[in-house]
Amino acid sequence: MFAGIAGAAFAAPRIPLEDFAHDQDVRNMQLSPDGQYVAFLHDYLGHPTICSEPVGTSNVLQFDLGIALPIGPAVQKGVSGYTWIGDDRLLMTTNVWNFYWYGTVAANRDAKEMTPISGLELIPHSSGILLNVNLEGLLWASQSIYKFYDEDRSILMLDDHSYNGTSVLYPDVVKVNSFTGGEETVMRNPGNVRAWGIDHRGQVRIRLADLGGPNFEVTYRDDEDSPWRKLGLPKGM
């Protein structure tokens, strides 16, 4: 009897079947942190792009990511992945020919205030003309590892130091302002750290170091001002 009462009291509202029926080329739906918007990937003219819409409406906005000018004047950029970095802002990974990594770019959910973050997105151009093709000094970060949800929509990223977006063995940790694209190195790799651990405040607290061959070492610290200490591992590790 009590089970029946509980089921009646907390029964969830029925969800229309139409909410589950989408075009086959609509995928990777994600709600914004505040639950007010939904974003998804959608194929347009053979290229995956990103769309957003307010929940409960059909007002779909399709983002225009433009041309990959350093690759060619007619090469359309696509989106291989994305994540919300605030209630109103997205970080997108761009590619060309649906395969090759191009860079990352941030934009508001209304596709405004689009800011190049890393990779070839950072090469300046104006009216379809490249202004500088120098690749030195650019940020080659292909993934975010922490979101601060602050007013700058800042994120932590791994700087791969690589032109093709493949992760190198020993990345640095950088903090990026998603509105200005400004960056600062939070943790510079001493040359043997393969992985970093971030706590709930966005502080780098753990590092996994390569000691050669199958040997590795885990160190940690209490906070950003504390020294690194070796973490004891179980026998056989």
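Residues numbered from 1 in each chain as written. Predicted model: local features only at pLDDT ≥ 70, side-chain atom pairs only at ≥ 80, totals over all residues. Heavy atoms only, no water.

### Considerations on the sheet that holds strand E13 (residues 172–176)
Where strands meet in a sheet, backbone hydrogen bonds hold them as pairs that are either parallel or antiparallel. Overall, antiparallel pairing links the 4 strands, which are arranged E11-E12-E13-E14 in an open sheet. Single-partner strands in this sheet number two, and they are strand E11 (141–147) and strand E14 (183–187). The mean angle between the axes of side-by-side strands here comes to 35°, regardless of whether they run parallel or antiparallel. (Pairing = 2+ DSSP bridges. Helix = DSSP H or I, 4+ residues; strand = E, 2+ residues; numbered from the N terminus. Axes fitted to C-alpha atoms, helices over the stretch in contact; angles between N-to-C directions.)

### Let's talk about the nonpolar core
Side chains that are nonpolar tend, in soluble globular proteins, to be buried together. Counting 12 residues, the largest nonpolar core consists of Ala39, Leu41, Ile50, Phe63, Leu65, Val79, Tyr82, Trp84, Leu90, Met92, Val105 and Ala107. Of all elements in the fold, only strand E2 (37–44), strand E5 (77–86), strand E6 (89–96) and strand E7 (100–108) reach the threshold of two or more residues within this core. Per-element accounting of this core gives the leading share, 3 residues, to E5. Setting aside its immediate chain neighbours within four residues, Leu41 contacts Asp25, Val26, Arg27, Asn28, Thr49, Ile50, Val79, Ser80 and Tyr82. Of all hydrophobic cores here, the second largest spans 10 residues; its members include Leu139, Ala141, Val174 and Val176. (Core = buried A, V, L, I, M, F, W, Y, C linked by side-chain atoms within 4.5 Å. Buried < 20%, exposed > 50% of the residue type's maximum accessible area, 1.4 Å probe, protein only. Contact = heavy atoms within 4.5 Å.)

### Topic: the pairing of E2
Bridge analysis of strand E1 (residues 26–31) against E2 gives 4 bridges, and the strand direction is antiparallel. Residue Gln30 lies in a different strand from E2, and its bridge partner there is Ala39. Once E2 ends, the chain turns through 2 residues before running back antiparallel as strand E3 (residues 47–54), passing Leu45 with a positive phi of about 55°.

### Quick word on the confidence of the model for the chain
Across the chain, pLDDT averages 86, with 82% of residues at or above 70. Put simply, helix H1 (residues 2–9) is where the chain has its lowest mean pLDDT, 44, and E13 is where it has its highest, 97. Segment residues 1–9 is flagged for pLDDT under 50; beyond a separation of four residues in sequence, or across chains, it makes 0 contacts in the model. (pLDDT = per-residue confidence, 0-100.)

### What about the sheet that holds E3?
The 4 strands are arranged E1-E2-E3-E4 in an open sheet whose pairing can be described as antiparallel. Each edge of the open sheet carries a strand with a single partner, namely E1 and strand E4 (61–62).

### Some points on the packing of aromatic side chains
Enumeration over the complete set of coordinates arrives at 4 aromatic pairs. A ring pair is formed by Tyr146 and Phe148, whose centres lie 4.8 Å apart and whose planes are at 75°; its orientation type is edge-to-face. Note on Tyr146: relative accessible area 18%, which makes it buried. An aromatic cluster is present here, built from Trp97, Phe99 and Tyr100 joined pairwise through their rings. One residue, Arg89, lies across the ring of Phe179, its end atom 4.0 Å from the ring centre. One Lys or Arg, Lys175, reaches over the ring of Phe148 and ends 4.4 Å from the middle of that ring. (Phe/Tyr/Trp six-rings, centres within 6.5 Å; stacked < 30°, edge-to-face > 60°. Lys NZ or Arg CZ within 6 Å of the ring centre and 35° of its normal.)

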